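# Coordinate analysis (summary)
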Amino acid sequence: MPEHLTMHSPSPDTKWSAGSIRITSRTVRAEEISVRLGIVADEQLEQGSSMSPRNPSSARRETSVWIRRSGLGSDSRLEEHVAALVRLVKGRREELTRLSADGDLELCLGFGSENGQGGCVLPARLLADVGGLGFDVVLDLYPPTSEVGVIGG
């Protein structure tokens, strides 16, 4: 098998991070959120759609969900993901405020480390920008695993 297709165990200091914006709404369709923001979503899930498309009897979504990823690789620092997302929506503060009236604006961040160690610094100016745009921050931390897989996909 060619080497680029072979899975190697990650080094003990392998870290990854990811970031996305998630907007939920009880009254605005996900497709309409894209139109209002002028930004194409990476994922759109409409209110009333099945939580599990393969199971017709699954629960239905109570809100529409709009997701846009940072577009950066998993090897980028968490601060870089946040900065990229802030730049993406920076000129859309008024529309974000309107969307927050009946839904949630979340900056979703993920971090994992093979050795269980790691951290980051989010500068005050960047946090002020996040807060000024009305985003709550959701931070998911992933513990090390014994399985080798694709990190931060």
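### Concerning the overall build of the chain
Across its full length, the chain holds 4 helices and 5 strands. A fraction of 75% describes how many contacts in the chain between residues 6 or more apart in sequence connect residues 24 or more apart. Accessible area for the chain stands at about 9400 Å²; split by element, carbon and sulfur atoms hold 51% of it.

### Some thoughts on the environment of Asp 102
Examined against the element boundaries, Asp 102 turns out to sit in the loop between α3 (93-100) and β4 (103-113). The spacing of Asp 102 and Thr 27 is 75 residues in sequence and 6.8 Å in space, taken between C-alpha atoms.

### What to know about the pairing of strand β1 (residues 15-25)
Successive side chains on a regular strand alternate, one facing one side of the sheet and the next facing the other. When you tally the buried positions in β1, you get 8 out of 11 residues, the bulk of the element. Note that β1 and β4 share 11 bridges and pair antiparallel. For Thr 24, the partnering residue across the bridge sits in β4 and is Asp 104. Note that β1 and strand β3 (residues 64-69) share 6 bridges and pair antiparallel. By the bridge assignment for β3, Ile 23 is matched with Trp 66.

Rules behind the numbers
- Residues numbered from 1 in each chain as written.
- Predicted model: local features only at pLDDT ≥ 70, side-chain atom pairs only at ≥ 80, totals over all residues.
- Heavy atoms only, no water.
- Helix = DSSP H or I, 4+ residues; strand = E, 2+ residues; numbered from the N terminus.
- Contact = heavy atoms within 4.5 Å.
- Areas by Shrake-Rupley, 256 points an atom, 1.4 Å probe, with all protein chains shown as cover.
- Buried < 20%, exposed > 50% of the residue type's maximum accessible area, 1.4 Å probe, protein only.
- Pairing = 2+ DSSP bridges.

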